[in-house]
Amino acid sequence: MLKIFGGMIIGSMMTMMLLGGASAADKVLANAQTLYLDQLNRPDAITTVLLLVVISIFMGTLSMWPTRPAMDTQKFIKKLRRHCK
């Protein structure tokens, strides 16, 4: 969507430069900047949903990550005795 928006702005800038000069192009650029910043401040619903899905998959993967089981005390003592000899 931003690529299409940017293409429209570039096209209108070229047209304004041919027809209206620098003052018309400055007005178009100022309008484009305010709309772009407004869009950055308010993400659309699809972006929000995708972000929530990715975060939930990541958190689910982390919660199911295999953990290393604790070593039995007796095995640990045997290994220590082997190394101490």
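Bear in mind the structure is a predicted one, so any value in this text is a computation, not a measurement.

Criteria and thresholds
- Residues numbered from 1 in each chain as written.
- Predicted model: local features only at pLDDT ≥ 70, side-chain atom pairs only at ≥ 80, totals over all residues.
- Heavy atoms only, no water.
- Helix = DSSP H or I, 4+ residues; strand = E, 2+ residues; numbered from the N terminus.
- Rg over C-alpha atoms; globule rule 2.2 N^0.38 Å.
- Buried < 20%, exposed > 50% of the residue type's maximum accessible area, 1.4 Å probe, protein only.
- Patch = residues over 30% accessible without salt bridge, like charges linked within 9 Å, V, L, I, M, F, W, Y side chains within 5 Å.
- Areas by Shrake-Rupley, 256 points an atom, 1.4 Å probe, with all protein chains shown as cover.
- Salt bridge = Lys/Arg side-chain N within 4 Å of Asp/Glu carboxyl O.
- Expected span 1.5 Å × (residues − 1).
- Lys, Arg positive; Asp, Glu negative; His and termini not counted.
- Charge placed at Lys NZ, Arg CZ, Asp CG, Glu CD.

Things to note about the overall build of the protein chain
Helix and strand content of the protein chain: four helices and zero strands. Walking the protein chain from its N terminus toward its C terminus, one meets helices and strands in the order α-α-α-α. Against the 2.2 N^0.38 benchmark of 12 Å for 85 residues, the protein chain shows a C-alpha radius of gyration of 30 Å, more extended than a compact globule. Taking the principal axes of the C-alpha coordinates as reference, the protein chain spans close to 90 × 30 × 15 Å. Burial statistics for the protein chain: of 85 residues in total, 6% are counted as buried.

Brief notes about a nonpolar patch on the surface
Together, Leu 51, Ile 55, Phe 58, Met 59 and Leu 62 line one region of the surface with nonpolar side chains, adding up to about 510 Å² of accessible area. On the secondary structure map, Ile 55 appears in helix H3 (residues 45-63).

Focus on helix H1 (residues 2-19)
The end-to-end C-alpha distance of H1, which contains 18 residues, comes to 25 Å, matching closely the 26 Å that a straight helix rising 1.5 Å per residue would cover. Looking one or two residues past H1, Gly 21 carries a phi angle of roughly 85°, positive in sign.

Thoughts on a positive patch on the surface
A cluster of basic residues, Arg 68, Lys 75, Lys 78, Lys 79, Arg 81 and Arg 82, forms a positive patch on the protein surface. Considering the arrangement of structural elements, one finds Lys 79 in helix H4 (residues 73-84).

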